[in-house]
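Structure at a glance
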Amino acid sequence: MNLVERVKAILLQPKSEWPMIERESGDAGYLFTNYVCIVSAIPAVCSFIGTVIAGLGIVGGLMYAVVTYVLGLVGVFVMAYVIDFLAGTFNGQKNLDNAMKVSAYAPTAAWVAGVFNIIPALSILGILGLYSVYLLHTGIVALMKPPEGKAIIYTIAVIVCLFVVYLVVFSIIGALFGIGMMSRM
């Protein structure tokens, strides 16, 4: 499946797309080079363009885009390990390859919604990326196979862990760029 078809399918038909994804390779190298590195670049590139349009500087915007992009890629790996680790707690099937698939495809809505960062006034529409929470849940159900009664709690536990991870990530970004620069972006 090509990249555009996969993005459309995961966004518009996630319940039928996850079983197709399950049959594919969960190789992190393949997922990253053919999907994650490309689609996750949308918010970084669009943020860079938005900061330049807003007149906040090319160098600062580029540095911010690169750091957030790289930390986002690291976040996909961390998310996969969190999903796999928590599978046992919620009687799901521990399978790092499937956890990597969920981690690679669930953020698609948030990444695509990053296109709104091109125009800073529209960046509030990035809230549409919250659809990724639904993609995460459907991915966990389809690929990690927790019992029906534990699927929602499993998803919530993953979200809480990821929230903590992203607090750390944004703290790193804040430390690298300074609170003053972050407030101007």
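Refer to the preceding data block for the structure.
Read on for an overview of the structure.

How each quantity is defined
Residues numbered from 1 in each chain as written. Predicted model: local features only at pLDDT ≥ 70, side-chain atom pairs only at ≥ 80, totals over all residues. Heavy atoms only, no water. Buried < 20%, exposed > 50% of the residue type's maximum accessible area, 1.4 Å probe, protein only. Helix = DSSP H or I, 4+ residues; strand = E, 2+ residues; numbered from the N terminus. Contact = heavy atoms within 4.5 Å. Polar contact = N/O pair within 3.5 Å; in protein donor to acceptor, adjacent residues only side chain to side chain. Axes fitted to C-alpha atoms, helices over the stretch in contact; angles between N-to-C directions. Parallel < 35°, antiparallel > 145°, perpendicular 65-115°, else oblique. Left-handed = near helix turned anticlockwise from the far one by under 90°. Nonpolar A, V, L, I, M, F, W, Y, C, P; charged D, E, K, R; others polar. Patch = residues over 30% accessible without salt bridge, like charges linked within 9 Å, V, L, I, M, F, W, Y side chains within 5 Å. Areas by Shrake-Rupley, 256 points an atom, 1.4 Å probe, with all protein chains shown as cover. Salt bridge = Lys/Arg side-chain N within 4 Å of Asp/Glu carboxyl O. Core = buried A, V, L, I, M, F, W, Y, C linked by side-chain atoms within 4.5 Å.

**As for helix 1 (residues 3–12)**
Residues three or four positions apart in an α-helix share a direction because the helix packs 3.6 residues into each turn. Buried within helix 1 are the following residues: Arg6, Val7, Ala9 and Ile10. Residues of helix 1 that are buried in the fold lie against helix 2 (14–22), helix 3 (28–39), helix 6 (96–105), helix 7 (108–113) and helix 8 (131–144). Looking at where helix 1 begins, the residue whose side-chain oxygen comes 3.0 Å from the main-chain nitrogen of Val4 is Asn2.

**Notes on the side chain of Asn98**
Turning to its location among the elements, Asn98 is positioned in helix 6. Residue classification places Asn98 among the buried residues on the basis of a relative accessible area of 5%. Reaching out from Asn98, the side chain makes a polar contact with the backbone oxygen of Leu143 at a distance of 3.2 Å. Not counting residues within four places of it along the chain, the set of residues in contact with Asn98 comprises Glu22, Leu143 and Met144.

**Considerations on the packing of helix 5 (residues 58–89) against helix 6**
The description of two helices packed together rests on the angle between their axes and the distance between the axes. Close contact between helix 5 and helix 6 brings their axes to 8 Å; oriented N to C, the two are set at 130 degrees. Classified by the angle between their axes, helix 5 and helix 6 sit oblique to one another. For the pair helix 5 and helix 6, the crossing hand works out as right-handed. For the pair helix 5 and helix 6, contact is made by Val76, Phe77, Met79, Ala80, Tyr81, Ile83 and Asp84 and by Leu96, Ala99, Met100, Val102, Ser103 and Ala104, respectively. The residue inventory of the contact of helix 5 with helix 6, partitioned by class, reads eleven nonpolar, one polar and one charged.

**Here we look at a nonpolar patch on the surface**
A grouping of Ile152, Ile153, Ile156, Val160, Phe163, Val164, Leu167, Val168, Ile172 and Leu176 is seen on the molecular surface, where their side chains present a nonpolar patch of about 950 Å² in accessible area. Mapped onto the elements, Leu176 comes out in helix 9 (residues 151–184). Assessed through its relative accessible area of 56%, Leu176 is described here as exposed.

**A short note on unusual backbone geometry**
Its identity is not glycine, yet Asn91 carries a phi of approximately 55 degrees, on the positive side. By the element assignment, Asn91 lies in the loop between helix 5 and helix 6. Residue classification places Asn91 among the partly exposed residues on the basis of a relative accessible area of 47%. Here the phi dihedral of Lys145 falls at roughly 55 degrees; this positive angle occurs in a residue that is not glycine. Locating Lys145 in the fold gives a position in the loop between helix 8 and helix 9.

**Section: the pattern of salt bridges**
Evaluation of the coordinates by the stated rule reveals four salt bridges. Note that Glu24 is salt-bridged to Arg6, the shortest N-O span being 2.6 Å. On the criterion of sequence distance, the pair formed by Glu24 in the loop between helix 2 and helix 3 and Arg6 in helix 1 is long-range, its members being 18 residues apart. With relative accessibility at 28%, the residue Glu24 sits in the partly exposed group.

**Some words on the nonpolar core**
Ile83, Tyr154 and Val158 are the most contacted members of the largest nonpolar core, which totals 37 residues. If you list the elements that add at least two residues to this core, you get helix 1, helix 2, helix 3, helix 5, helix 6, helix 7, helix 8 and helix 9. Of all the elements, helix 5 adds the most residues to this core, at eight residues. Excluding residues that lie within four positions of it along the chain, Tyr154 makes contacts with Ile83, Leu86, Ala87, Phe90, Ile140, Met144 and Pro146. Of all hydrophobic cores here, the second largest spans five residues; its members include Tyr64, Leu71, Val165 and Ile173.

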